[in-house]
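# Secondary and tertiary structure notes
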Amino acid sequence: MRFRPDLFLRCARGRCPDCGAPEQLTGLATIRDRCTACGMVLRRREGFFLGAMVWNYGLTAFGLLPVLLVLRAYDWIGFAAAVWLAVAVILLVPWLIHGVAWRLWLGTYYAFLPEQLPSSGRRLDD
Ligand SMILES: [Zn+2]
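Model, not experiment: these values are computed from the prediction. (Residues numbered from 1 in each chain as written. Predicted model: local features only at pLDDT ≥ 70, side-chain atom pairs only at ≥ 80, totals over all residues.)

## Side note on the environment of Arg 10
With respect to the helices, strands and loops of the structure, Arg 10 is situated in helix H1 (residues 5-12). In this structure Arg 10 comes out as buried when scored by C-beta crowding, with 24 C-beta atoms within 10 Å. Excluding residues within four positions of it along the chain, Arg 10 makes contact with Arg 15, Pro 17 and Gly 20. (Helix = DSSP H or I, 4+ residues; strand = E, 2+ residues; numbered from the N terminus. Buried ≥ 20, exposed ≤ 12 C-beta atoms within 10 Å, placed from the backbone. Contact = placed C-beta atoms within 7 Å.)

## Quick word on the nonpolar core
Considering soluble globular proteins, one finds that nonpolar side chains tend to be buried as a cluster. Formed by 16 residues in total, the largest nonpolar core has its most connected members in Ala 101, Trp 102, Trp 105, Leu 106 and Tyr 110. For this core, the elements supplying multiple residues, two or more each, are H1, helix H2 (50-73) and helix H4 (98-112). The greatest single-element share of this core, amounting to nine residues, is contributed by H4. Discounting chain neighbours no more than four positions away, the residues touching Ala 101 are Ala 52, Trp 55, Asn 56 and Leu 59. (Core = buried A, V, L, I, M, F, W, Y, C linked by C-beta atoms within 7 Å.)

## Some points on helix H3 (residues 79-96)
A rise of 1.5 Å per residue sets the reference length of H3, with its 18 residues, at 26 Å; its end C-alpha atoms lie 25 Å apart and thus fit the reference within 8%. The largest bend in H3 comes to about 30 degrees, at Val 89. (Expected span 1.5 Å × (residues − 1). Bend = angle between axes of the 7 residues up to and from the residue.)

## Some words on H1
The complete set of buried residues in H1 reads Leu 7, Phe 8, Arg 10 and Cys 11. Burial along H1 is one-sided: seen end-on, the buried residues are contained in an arc of 160 degrees. Opposite the buried face of H1, by more than 90 degrees, sit the exposed residues Pro 5, Asp 6 and Leu 9. Just downstream of H1 lies Gly 14, where phi reads positive at about 90 degrees. (Arc of directions from axis to C-beta.)

## Structural notes on the environment of Tyr 57
Residue placement: Tyr 57 occurs in helix H2. On the basis of neighbour counts, which here come to 12 C-beta atoms within 10 Å, the residue Tyr 57 falls in the exposed class. Spatially, the C-alpha atom of Tyr 57 lies 27 Å from that of Glu 115, the residues being 58 residues apart in sequence.

Listed below in structure tokens is the structure:
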């Protein structure tokens, strides 16, 4: 297994992992079901979304919530503000970064497993 950074960056920029067509992984909060250029299924079978959930949780829990802890630790915000901001982050951020999490997940998956791409022989409807 060899990591392919070009595939990771392609997905992170919102391009199709297989053909590289732009704007296939659209917006911050959305993702297409299939690539409109090559037909590759981007949302694969049940359970495939778990990788996107891991990215989403990781970015929220380890990227943003520590910022609130630091702000509170240095008394830059009060306790109540920290709690309300944490609740807002927990409720809003996962929804807002849904598409970004999918981009990073598809990039991670296909960068480590490029043989899973349809152009490498995998069925398109998988
Ligand atoms: Zn494509």
